[in-house]
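These are the residues of each chain, in order.
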Amino acid sequence: MTEITDFAGLLLLLTGGFALAALSTTLTVRLPVPAPAIFLVAAAVVSDIWPDVYKNVQTRTVERVAVVALIIILFNGGLEIGWRRARGAAGPILALGVPGTFATAGIVAVFAHYVLGFEWMFSGLVGAALAPTDPAVMFSVLGRREIGGRSGTILEGEAGVNDPAGIALMIGMIELATHADASRFVIVREFVVEMAIGTAVGVAGGLLLLPLLRRLMLPSEGFYPVLALALAGALYSAGALARGSGFLAVFIAGLILGDARLPYKREIERFHGALATLAEIVVFVALGLTISISSLGGRTWLEGITLAVVLALVARPLVVAAALATSRLRRSERAFIAWSGLKGAVPILLAAFAVLGGVDHSARLYGLVFVVVLVSVVAQGSLVPLAARVLRVPMRERQVLPWQLSVGLGEEPESAREFTVQAGSRADRLAIRTLPLGEHTWITLVVRDGAAVAATGSLALRAGDRVLALADERDVPALTHLFEKPQSGEEG
């Protein structure tokens, strides 16, 4: 009985904590505070109130928890973005995600050395740890908010790409810091190898998963989301064992599956969306428990806040200006992207790699990174909605739609398609009867403001309407252009 009651007490503590974490997200509706900020701060406060919690939390265990959480978050992020959206903003995403990561690390390292007085090796580790933005924070901050144009896609896609890039950079830096005979070439080698193998494994894995999920007949629909999760974990492992970036492999596979027509696709998306939310809570709570706020000295706070300010106001704007110089984004959109380069779980995870790798002064690095992340998530993240309003970047709340209509079919509905009317598209504000649909396309239903609307010929479509249509495969590109592509001059 003692074991039963002891475990019941532990389970009550854990489930109560998770329930409170989930309920605390209601604060984000009234206050512009990202949910990860609440989890991170609450866990850090708990570790100060009960020092035994902080002492018993193992860095290696938290690092492994963070890895699993990132696999789930990146795979779900890829599913939500989809290959089509990512391809439309591929240039800016890659520019910010790859060379932008190196440039950010370089600017931070130079500042840390010449202004804060850090020695070069430590400065390089600080720069590598703080270079990537964070998918958990970005997906959480955007959450139910939808950003017009390509800005949202760029921010989400960049977070998916620059995390693997940052991890590869950090591994190279740790190799350089812990091996006296290592040269700086090890950083370039490690980066190229990880990114190349990760990309190859992700593309091959995604293309392999498509026919597998389409043709495999499982006894219950509940097995399909579980299978997709297991295969995502296997892809990460395959990429990592091949000395590549498993994170990049998982994200790319998610992108490929994101636009694919799969059986039980909605169930897969629901499962992974819920699991990603749980992973977000777990990773920020776990990371918060690894730090004791009271043990951080005044110098660490001052240096960390200084680095956070330099990242937000100097390094990030310079990198965005250079990376997006040739894009067609407006200046206000570039400024918004510059402000929204938030730090989160990934930088703390990179600092944990340094601790586990036995790097000199890694405890100091961990404290600095925690302070930067705290400032970024709480202060900078809270101002993202305000920045969107000031810069006139269209951002709207996605409606909560708890009720869904679904129809079970025994075969793939090849002619059934769904489109979302984008602001400024040719279909925006046009009556259905005036749309150039062609003779093989019929609009069957329009979903507006969460309600089903009869698709009568006189109904004028609006931005945000979801249009369900029966269409021939050959008409899909033209329909996509009609409903979802802004007309010339709208995105400029």
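Higher on the page you've got the structure.
My aim in this report is to walk through the structure given alongside it, one point at a time. Since the model is a prediction, treat every value here as computed from it, not as a measurement.

### Remarks on the overall build of the chain
Helix and strand content of the chain: 20 helices and six strands. By sequence separation, contacts in the chain at least 24 residues apart represent 81% of the contacts at least 6 residues apart. In the form shown here, the chain has an accessible surface area of approximately 23500 Å², with 63% of it arising from carbon and sulfur atoms.

### Let's talk about the sheet that holds strand E5 (residues 451-453)
Note: strands within a sheet are paired through backbone hydrogen bonds, in either parallel or antiparallel orientation. Pairing is antiparallel across the open sheet formed by four strands, whose spatial order is E3-E6-E4-E5. The sheet is open, and its two borders are formed by strand E3 (416-420) and E5, each paired with just one other strand. Averaged over neighbouring strand pairs, the angle between their axes works out to 25° when direction is ignored. Summarising the sheet, strand E4 (residues 442-448) and strand E6 (residues 466-470) pair through five bridges and their orientation is antiparallel.

### Considering helix H6 (residues 90-97)
Among the residues of H6, Pro-92, Ile-93, Ala-95, Leu-96 and Gly-97 are the ones counted as buried. Tucked into the core, H6 has its buried residues touching helix H5 (59-88), helix H7 (99-114), helix H10 (151-178), helix H15 (298-323) and helix H16 (331-339).

### A word on helix H13 (residues 246-258)
Residue pairs spaced three or four apart in an α-helix point in one direction, given the helix's 3.6 residues per turn. Here H13 spans 18 Å end to end across 13 residues, near enough to the 18 Å set by a 1.5 Å rise per residue. Across the 13 residues that make up H13, a large majority, 13, are buried.

### Thoughts on the packing of H5 against helix H12 (residues 223-241)
Interhelical geometry of H5 versus H12 gives an angle of 115° and a closest axis separation of 10 Å. For H5 against H12, the interelement crossing comes out right-handed. Contacts from Val-67, Ile-71, Ile-72 and Phe-75 of H5 reach H12 at Ala-228, Leu-229, Ala-232, Gly-233 and Tyr-236. Taken together, the residues of the contact of H5 with H12 break down into eight nonpolar, one polar and no charged.

### Points about the packing of H12 against H13
Packed helix pairs are specified by the crossing angle of their axes together with the interaxial distance, meaning the distance between the axes. Packing of H12 against H13 leaves a shortest axis separation of 7 Å and a crossing angle of 140°. As far as their axial angle goes, H13 and H12 are oblique. Where H12 crosses over H13, the two elements pack in a sense that is right-handed. Judged by residue contacts, Ala-232, Leu-235, Tyr-236, Gly-239 and Ala-240 of H12 engage Gly-246, Phe-247, Ala-249, Val-250 and Ala-253 from H13.

### Brief notes about the pairing of E4
Judged from the three bridges that link them, E4 and E5 form a sheet pairing that is antiparallel. Within E5, the position partnered with Val-446 by the bridge is Val-453. The hairpin turn running from E4 into E5, its antiparallel successor, is two residues long, and Asp-449 in that turn takes a positive phi close to 50°.

### Quick look at the pattern of salt bridges
Overall, the coordinates contain twelve salt bridges when judged by the stated rule. With a closest N to O distance of 3.4 Å, Arg-364 and Glu-303 form a salt bridge. Of this pair, Arg-364 sits in helix H18 (residues 362-382) while Glu-303 sits in helix H15, placing them 61 residues apart in sequence. By relative accessible area, which is 29% here, Arg-364 ends up partly exposed. Given a relative accessible area of 7%, Glu-303 falls into the buried group. Between Arg-474 and Asp-472 there is a salt bridge, with its nearest N and O atoms 3.3 Å apart. Classification of Arg-474 as exposed rests on a relative accessible area of 62%. We classify Asp-472 as partly exposed; its relative accessible area is 29%.

Definitions and cut-offs
Residues numbered from 1 in each chain as written. Predicted model: local features only at pLDDT ≥ 70, side-chain atom pairs only at ≥ 80, totals over all residues. Heavy atoms only, no water. Helix = DSSP H or I, 4+ residues; strand = E, 2+ residues; numbered from the N terminus. Contact = heavy atoms within 4.5 Å. Areas by Shrake-Rupley, 256 points an atom, 1.4 Å probe, with all protein chains shown as cover. Pairing = 2+ DSSP bridges. Axes fitted to C-alpha atoms, helices over the stretch in contact; angles between N-to-C directions. Buried < 20%, exposed > 50% of the residue type's maximum accessible area, 1.4 Å probe, protein only. Expected span 1.5 Å × (residues − 1). Left-handed = near helix turned anticlockwise from the far one by under 90°. Nonpolar A, V, L, I, M, F, W, Y, C, P; charged D, E, K, R; others polar. Parallel < 35°, antiparallel > 145°, perpendicular 65-115°, else oblique. Salt bridge = Lys/Arg side-chain N within 4 Å of Asp/Glu carboxyl O.

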